Amino acid sequence: MKKILIVFLVLLMVSCTDLKYADDIVGEWECVSWVDVVTSGDKCANNAYFRFNKDNTYTSKVSAQETTGTYKIADGILYSKPNDKLEIAVEINKLTKDTLTLTMSRSGNAEILTLVKK
């Protein structure tokens, strides 16, 4: 019985965090840092922009590539599904009302993307 209660409490905490994330992510975000962990190079150069809407749709612009699609947050992971493409999952490291930090993998290298709300 004790194990079931512990599992329930853990699921409740994750669920509450996801609900808070769902509220905090809504808005326009711009890149302040995009670091490749292996090379320590910063790829930001003001070339990343994201807009997350309350209806779980998003738009983004990275370099010259503009994307629209849908998103969801589950278990501290941000899943985005660009229109006509495969779903992408990135780990949410930090999400407050004004800062969003994500860990992602491109070409097998970890990258840390930090965005601030406009």
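Residues numbered from 1 in each chain as written. Predicted model: local features only at pLDDT ≥ 70, side-chain atom pairs only at ≥ 80, totals over all residues. Heavy atoms only, no water.

## Points about the nonpolar core
Then comes step 1: Ile25, Trp29, Phe52, Leu78, Ile92, Leu100 and Leu113 are the most contacted members of the largest nonpolar core, which totals 21 residues.
Then comes step 2: Of all the secondary-structure elements, those providing two or more residues to this core are β1 (27-36), β2 (48-52), β4 (65-74), β6 (88-95), β7 (99-106) and β8 (109-117).
Then comes step 3: Non-local contacts of Phe52, meaning those with residues more than four positions away in its chain, are made with Ile25, Val26, Gly27, Trp29, Thr57, Tyr58, Tyr71, Leu78 and Leu100. (Core = buried A, V, L, I, M, F, W, Y, C linked by side-chain atoms within 4.5 Å. Buried < 20%, exposed > 50% of the residue type's maximum accessible area, 1.4 Å probe, protein only. Helix = DSSP H or I, 4+ residues; strand = E, 2+ residues; numbered from the N terminus. Contact = heavy atoms within 4.5 Å.)

## Looking at the pattern of salt bridges
Then comes step 1: Taken as a whole and assessed by the stated rule, the structure comprises four salt bridges.
Then comes step 2: Between Asp24 and Lys20 there is a salt bridge, with its nearest N and O atoms 2.5 Å apart. Placement of the pair is Asp24 and Lys20 together in helix α1 (residues 2-24), with a separation of four residues, close to one helical turn.
Then comes step 3: For Lys20, a relative accessible area of 46% puts it in the partly exposed group.
Then comes step 4: Two residues, Glu111 and Lys43, come together in a salt bridge whose shortest N-O distance is 2.6 Å. With Glu111 in strand β8 and Lys43 in the loop between β1 and β2, the pair connects residues that are 68 residues apart, well separated along the chain.
Then comes step 5: Each of Lys20, Asp24 and Lys97 takes part in one network of salt bridges that share partners. (Salt bridge = Lys/Arg side-chain N within 4 Å of Asp/Glu carboxyl O.)

## A closer look at the confidence of the model for the chain
Then comes step 1: Mean pLDDT over the chain works out to 86, with 86% of the residues at or above the 70 mark.
Then comes step 2: Low pLDDT (under 50) marks residues 5-15, which in the prediction has one contact with non-local residues, meaning those over four places away or in another chain. (pLDDT = per-residue confidence, 0-100.)

## Some remarks on the sheet that holds strand β5 (residues 77-82)
Then comes step 1: Around the barrel, eight strands lie side by side as β1-β2-β3-β4-β5-β6-β7-β8; this closed barrel has antiparallel pairing. Put simply, the sheet's adjacent strands are angled 35° from each other on average, direction ignored.
Then comes step 2: Judged from the eight bridges that link them, β7 and β8 form a sheet pairing that is antiparallel. Across the sheet, Arg106 pairs through a bridge with Asn109, a residue of β8. (Pairing = 2+ DSSP bridges. Axes fitted to C-alpha atoms, helices over the stretch in contact; angles between N-to-C directions.)

## Quick notes on the state of the cysteines
Then comes step 1: The tally for this structure, following the rule as stated, stands at one disulfide.
Then comes step 2: There is a disulfide in this structure between Cys31 and Cys44, and the S-S distance comes to 2.2 Å. Of this pair, Cys31 sits in strand β1 while Cys44 sits in the loop between β1 and β2, placing them 13 residues apart in sequence.
Then comes step 3: A relative accessible area of 5% means that Cys31 is categorised as buried. (Disulfide = S-S within 2.5 Å.)

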